[in-house]
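Geometric and topological summary
For reference, the chains in residue letters:
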Amino acid sequence: MKRQQAVLQGSECSTCGAVGFPASEHCARCATPTAQPRELSREGTVWTYTVQQFAPKSPPYVPPPEGFSPFAVGFVELPEGIRISAILDCEDFTDLTGAHAVLVATEPVPRFAVKPHTEEVNG
Ligand SMILES: [Zn+2]
């Protein structure tokens, strides 16, 4: 089954070049209404994160069918120099800062799959 790749839509200022997310006509840096839509990089690194240990207020949080389980949330820094608030999919919650993150979903919130720091060689 082929799925369409998730891509975050941001914007880039045609005056100063600043990239913003979410997309806006107004540049967050120079405040001119000259930003144009653009797709953001799908990979970045975890800038900082925390672990959500209890179910957030619902709505807006929608618990999964199997019930709440702790998950990591944080900021992923993209090569464009911006940080995206996102859910971080990972197998264990230790030492994610600086880890490689790949976008896997954009709705209802950005979600990145996070790989461990070091590539482990199995076998
Ligand atoms: Zn600007």
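1. Focus on the overall build of the protein
- Helix and strand counts for the protein come out as 0 helices and 8 strands.
- Overall, the protein shows an N-to-C arrangement of helices and strands of β-β-β-β-β-β-β-β.
- Along the first, second and third principal axes, the C-alpha atoms of the protein reach 50 × 40 × 35 Å.
- Expressed as a percentage of the 123 residues in the protein, the buried residues total 28%.
- Contacts in the protein between residues far apart in sequence, at least 24 positions, make up 48% of those at least 6 positions apart.
- Surface summary for the protein: the accessible area is close to 8,400 Å², and the carbon and sulfur share equals 53%.
- The protein carries 9 positive and 14 negative side-chain charges, and their two centres are separated by 5 Å.

2. Re the coordination of the zinc ion
- Protein-derived coordination of the zinc ion comes from Cys13 (SG), Cys16 (SG), Cys27 (SG) and Cys30 (SG), at a distance range of 2.3 to 2.4 Å.
- In this structure, the zinc ion is coordinated by 4 donor atoms arranged in tetrahedral fashion, with angles at the metal of 106 to 117°.
- Sequence spacing among the residues donating to the zinc ion works out to C-x2-C-x10-C-x2-C.
- Since its relative accessible area comes to 6%, cysteine 27 is described here as buried.

Scoring rules and cut-offs
- Residues numbered from 1 in each chain as written.
- Predicted model: local features only at pLDDT ≥ 70, side-chain atom pairs only at ≥ 80, totals over all residues.
- Heavy atoms only, no water.
- Helix = DSSP H or I, 4+ residues; strand = E, 2+ residues; numbered from the N terminus.
- Buried < 20%, exposed > 50% of the residue type's maximum accessible area, 1.4 Å probe, protein only.
- Contact = heavy atoms within 4.5 Å.
- Areas by Shrake-Rupley, 256 points an atom, 1.4 Å probe, with all protein chains shown as cover.
- Lys, Arg positive; Asp, Glu negative; His and termini not counted.
- Charge placed at Lys NZ, Arg CZ, Asp CG, Glu CD.
- Donors = N, O, S within 2.8 Å, 3.2 Å for Na, K, Ca; no water.
- Tetrahedral: all angles 85-135°; square planar, octahedral: opposite > 155°, others 65-115°.

These values are about where atoms sit, not about what they do.
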